[in-house]
Amino acid sequence: MVNYKELGLVNTKEMFAKAVAGGYAIPAFNFNNMEQLQAIIMAAAETKSPVILQVSKGARNYANQTLLRYMAEGAVEYAKELGWENPQIVLHLDHGDSFETCKSCVDMGFSSVMIDASSKPFEENIAITKQVVEYAHQYGVTVEAELGVLAGVEDEVAAEESHYTKPEEVIEFATRTGCDSLAISIGTSHGAYKFKPEQCTLDPQTGRLVPPPLAFDVLHEVEAKLPGFPIVLHGSSSVPQDEVDTINKYGGKLEAAVGIPEEQLREASKSAVCKINIDSDSRLAMTAAIRKTMAEHPAEFDPRKYLTPARESMKKLYIHKIVNVLGSDGKAL
Ligand code: G3H
Ligand code: 13P
Ligand code: ZN
């Protein structure tokens, strides 16, 4: 059993309280490999932004949970080497699917866990979330829960349609579970295809698909019911069209990929939304840079030659999100 404090990590408690009060959001970036982690830490250190490193089930299967945990420990030291004296880094389990998974992460040094029982009936979601909270809080580990269902695939549970969070349920849920933050469904979803073309309108000037707006009315109702309570948005990639274009130009085939417009995420960041999850945008930036470099330098076979521009591109993306979308720069001096 290792406590996250021994690894130099922090939980989300104080971070979220400051973000809600200050009208900004903390970036929660998923990582699966060294280059992604380096880019996240370089971006956070350069902007002095608190940051949440997220580990999904897919990441644990790909890279191994233990290895990822040691990489996060190394990331704290790396951040200090980069000149960030007081790094505020959270290691968070993304979409934990059972009490056992959450417990194993608490026991190995994660500072925050998500229990995602949102696909289960209300009472079952409360019971499992409460069990995780009771265990995690003994060690100071904070817990994110979810109410409402996001469209798309969430930890192998595929939902055809999203079901918005019901504001009338949030007080009972937060009170009975004791969770520290709540992920809600207001129209975001995972992946690079967040909306079907028929849900969008066509911008005649750019020829791009414009998605329907997020359900800010639901967010405001939730905020009114739970004033100051930390709210989380999953599925918040914006799917930058220049990255999609680069991928397609160099042999990729991404058609009608549409994300959440950044202005809407900027607006959400000013509310009680204090954690915004971004994974797909980093995947797009990495893939676009690799495809371009490989196409332009076909004789190159040293992976460092195409992973260096990929890492640079991800770092640029993370800095952009921190500074221009979430407003978390300078909040971890
Ligand atoms: O929740 C979704 C995240 O983007 C993680 O996705 O399970 O493919 O790693 P993944
Ligand atoms: P995106 O697929 O929109 O990046 O969402 C990531 C996420 O919510 C991870 O939990
Ligand atoms: Zn998610």
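Before any of the text, the structure's been laid out above.
Computed from a predicted structure; not experimentally measured.

Quick notes on the pairing of strand β4 (residues 112-115)
Alternating positions in β4 separate into two faces, Ser 112 and Met 114 on one and Val 113 and Ile 115 on the other, with burial throughout. Where strand β3 (residues 89-96) meets β4, three bridges bridge the pair, whose relative direction is parallel. Across the sheet, residue Gly 96 finds its bridge partner in β4, namely Ile 115. Read as a crossover between parallel neighbours, the route from β3 over helix α5 (residues 99-107) to β4 is right-handed. Read as a crossover between parallel neighbours, the route from β4 over helix α6 (residues 122-137) to strand β5 (residues 142-147) is right-handed.

A look at the packing of helix α11 (residues 280-296) against helix α12 (residues 303-326)
Each packed pair of helices is defined by two parameters, the angle between the axes and the distance between the axes. Here α11 crosses α12 at 145°, and the two axes come no closer than 8 Å. In the crossing of α11 with α12, the sense of the turn from one axis to the other is right-handed. Between α11 and α12, the contacting residues are Asp 281, Ser 282, Ala 285, Met 286, Ala 288, Ala 289, Ile 290, Thr 293 and Met 294 on the first element and Lys 305, Tyr 306, Pro 309, Ala 310, Ser 313, Met 314 and Leu 317 on the second. Here the contact of α11 with α12 is composed, by residue class, of eleven nonpolar, three polar and two charged.

Quick notes on the rules
- Residues numbered from 1 in each chain as written.
- Chains lettered and ligands numbered in written order.
- Predicted model: local features only at pLDDT ≥ 70, side-chain atom pairs only at ≥ 80, totals over all residues.
- Buried ≥ 20, exposed ≤ 12 C-beta atoms within 10 Å, placed from the backbone.
- Helix = DSSP H or I, 4+ residues; strand = E, 2+ residues; numbered from the N terminus.
- Pairing = 2+ DSSP bridges.
- Right-handed = clockwise from strand over helix to strand, strands pointing away.
- Axes fitted to C-alpha atoms, helices over the stretch in contact; angles between N-to-C directions.
- Left-handed = near helix turned anticlockwise from the far one by under 90°.
- Contact = placed C-beta atoms within 7 Å.
- Nonpolar A, V, L, I, M, F, W, Y, C, P; charged D, E, K, R; others polar.

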